[in-house]
There are 2 protein chains.
Amino acid sequence: MDATGFRRLWDEIAGVGRAESGGYLRFSWSESDLALRGWFDAQAAARGLRTETDRNGNRYAWWDAGTGPAVLTGSHFDAVPHGGAYDGPLGIVAAFLAVDELRAEGFEPARPIVIGAFTEEEGGRFGVPCLGTRLMAGVVDPDRARALTDPGGTTLADAMRAAGADPDALGPDPERLASIAAFVELHVEQGRNLDAPVGVASAIWPHGRWRMTFTGAADHAGTTRLPDRRDPMLTFAFAVLAARKEARRAGGLATVGRVEAVPNATNAIASQVTAWLDSRAPDEAVLAEILGGVTAKVAERAERDGTRFAIAPESETPIVEFDASLRDRLAALLGGVPVLPTGAGHDAGVLAAHVPTAMLFVRNPTGVSHAPGEGASDEDCAAGVDALAAVLRDLAC
Amino acid sequence: MDATGFRRLWDEIAGVGRAESGGYLRFSWSESDLALRGWFDAQAAARGLRTETDRNGNRYAWWDAGTGPAVLTGSHFDAVPHGGAYDGPLGIVAAFLAVDELRAEGFEPARPIVIGAFTEEEGGRFGVPCLGTRLMAGVVDPDRARALTDPGGTTLADAMRAAGADPDALGPDPERLASIAAFVELHVEQGRNLDAPVGVASAIWPHGRWRMTFTGAADHAGTTRLPDRRDPMLTFAFAVLAARKEARRAGGLATVGRVEAVPNATNAIASQVTAWLDSRAPDEAVLAEILGGVTAKVAERAERDGTRFAIAPESETPIVEFDASLRDRLAALLGGVPVLPTGAGHDAGVLAAHVPTAMLFVRNPTGVSHAPGEGASDEDCAAGVDALAAVLRDLAC
């Protein structure tokens, strides 16, 4: 398809939930989410697609055709706070345009094709990423999910009810999983790792989040002699630099993006600093090497600082290898496009444990993601639509 | 006096504003502050002292005697959040007990002796330390003071009105300053720098607070390649360690106790980190050396990290040298006790620019201050009362 055609549909949602920062506030079950669901329904209606919501709040548009389990494509509408436009919505917009292409050429699917819009993929409101697909897969307890709260204290259950959805229905959905023959998620690439318009995913790196707690002793910043101090801010600062160094040495990623100091006062030595380490690597051995290096070096430094250091996992996700035959088939079908891993989690990573799953990436010239600068050219997005149409044709014939 | 006598009066206020942490919530104009003011009035009444509040909310108990300007002693009731029991209240309790001693021995002052309880010395509620004495000295604009807000958004003006005080009266009070012949503040020592029951202050170290801003680029923690990152958390971490190193090298103090990251999310590289540097030193040259070292080294690191670093003063307080003749006279009077500087600010530091001022310190065995562990033995506190009585006798005869 041409870039103009992509841009025309893309622009229909460009203003929904856009903040002054240029980024998006598109939290699940919020007004902007409901506006996007309304847009989804209108697109389905315009194409004669049947809409449906599953028990976990994921929305679908069915091209009922042929027989047997369906080919599922799609992605998510929700964004991290002030995130970019492409992460998620590109996969949904591209799906509608790919259906248009298949219809324009008179393609008659041998099995249903269904477009999905999954709920709370980012965990940007309730803290658990891929919540919609994890509930479907039965790896998140529905009671726990209902009780999750957003930063304002609203539970998921209350947010769903306010949006007219039924939180009591949340739960595993094996029938839904059984109705899917294959899932293909198209997504903007997120790290300047793709130097072609379109690529195919090989794997999602193993990753984890660890909570690091640095405990010292609160004291007066103006009077406590340096040797008498037990200042956890020093140990924390060392940990930030050590994590970067270990990741670089081992060939993975490590980030400290969140920190909380107590009492967090200018003229007081902190009594405690809590920070979160996010680390990802090409394989689990490298991830373990980074974590081991950080743990050992920071423990040593804490000894010197007279502080206590503790590190505990908050989540650990093993490597996801996408279905190898599907991956190779798609890469060949698309003319030998690059095959590359990603460090980001996706609904495709959750569903890959249950159905043959693949991902298509669209080039991101800046590599920026989860921030307003995230982008892709209209030409590359149009190439992504063409690739997705080719893949759906291949899988549904 | 004996330790038991000190402990008896001390215990009367030990429970006021005490939190579960063991520290104190004694914010100015709060209920616990009003309870302490009520106790102050009761102590004054029990001794036949005349009470009075000045236009800036500082409370006084007058031993009207003799003629001419008065000898002022006292300190403050307010505490930093979850601070210790001694910082402030010790100087007020000791003042009442010193009056008792002078009376017991039949001393007849040649001039009035007045006990002061100053308001918002810690800046723990409204952010400006020594607010009561700074208003008196005319170095804080009363309009600015009235508009100061606490963390809950209540202005000083509203807090005063709610406590029955009149914020419209706030302002410079030259007549009050002219009525004081000398001021002596007794205070717990705060850094394990005093190895005798009692000492005399030489000076308050020059100190300052600088706001440090580290700006980078928000990005996805799972996908952005290390060389593509502009992560301000790295530059911040370097600054924390550099500040400590520069302070140690130069012979001063530097502390980073407060930090705020944006967006402060586990899976996002921060776009900005703001942190506050508190630094103090024996003289202004050393302070300038620390600041210069930190600024140069962090700027160099920011270059490497691809981030921007800015540092701007939020407050800079020059050295306070206490009245030399008064200091030497008191040290001799007390039998050659140690003379030592402090890194902490005090109302005595503000009033020293206007009236001959001295400080007495009571030994703090742990050196802990602004935290529940702050302390002094009953014996040392009683020795402090004796020293204060001797000083008042000397100044008021």
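Residues numbered from 1 in each chain as written. Chains lettered and ligands numbered in written order. Predicted model: local features only at pLDDT ≥ 70, side-chain atom pairs only at ≥ 80, totals over all residues. Heavy atoms only, no water.

Digging into the nonpolar core
Of all hydrophobic cores here, the largest spans 67 residues; its most connected members are A:F214, A:F236, A:L277, B:F214 and B:F236. Apart from the residues lying within four places of it in its own chain, the contact partners of B:F236 are A:M233, A:F236, B:F214, B:V256, B:V259, B:V273 and B:A275. Of all hydrophobic cores here, the second largest spans 60 residues; its members include B:W39, B:L186, B:V200 and B:L392. (Core = buried A, V, L, I, M, F, W, Y, C linked by side-chain atoms within 4.5 Å. Buried < 20%, exposed > 50% of the residue type's maximum accessible area, 1.4 Å probe, protein only. Contact = heavy atoms within 4.5 Å.)

A closer look at the domain arrangement of chain A
Residue and element names in this part refer to chain A. Taken domain by domain, chain A comprises domain 1 (3–205 + 319–395) and domain 2 (207–317). Contacts between domain 1 and domain 2 engage six residues on the former and nine residues on the latter. Carbon and sulfur atoms make up 53% of the surface buried where domain 1 meets domain 2, a total of about 680 Å² over both sides. When residues of domain 1 are sorted by the area they lose upon contact with domain 2, W205, I319 and G343 head the list and together hold 78% of the total. For the pair domain 1 and domain 2, the interface holds zero salt bridges. Between domain 1 and domain 2 we count three residue pairs in polar contact (both at pLDDT 80 or more) in total. (Domains from an automatic or database assignment. Buried area = accessible area lost by both parts, 1.4 Å probe. Salt bridge = Lys/Arg side-chain N within 4 Å of Asp/Glu carboxyl O. Polar contact = N/O pair within 3.5 Å; in protein donor to acceptor, adjacent residues only side chain to side chain.)

Brief notes about the interface of chain B and chain A
Taken together, the 54 residues of chain B in the interface contact 54 residues of chain A. When chain B packs against chain A, the two sides together hide about 5000 Å² of surface, and 56% of this comes from carbon and sulfur. Summed over the three residues of chain B that lose the most area to chain A, namely B:L226, B:R244 and B:T266, the buried surface amounts to 14% of that side. Between chain B and chain A we count two salt bridges in total. The partner of B:R192 in a salt bridge is A:D228, and the shortest N-O contact between them spans 2.6 Å. For the pair chain B and chain A, the interface holds 16 residue pairs in polar contact (both at pLDDT 80 or more). The set of elements that each furnish at least two residues to the side of chain B that touches chain A consists of β8 (219–220), α8 (232–250), β9 (253–262), β10 (268–269) and β11 (272–280) of chain B. (Helix = DSSP H or I, 4+ residues; strand = E, 2+ residues; numbered from the N terminus.)

So, the pairing of β11(B)
Residues and elements named next belong to chain B. Counted residue by residue, β11 has eight buried out of nine residues, so it is predominantly covered. Of the strand pairs in this sheet, strand β7 (residues 207–215) and β11 are connected by nine bridges, and their pairing is antiparallel. Counterpart to F214 in the pairing with β11 is V273. Two elements, β9 and β11, share nine bridges in a ladder whose sense is antiparallel. Each residue of the ladder has a partner; that of A254, found in β11, is S279. (Pairing = 2+ DSSP bridges.)

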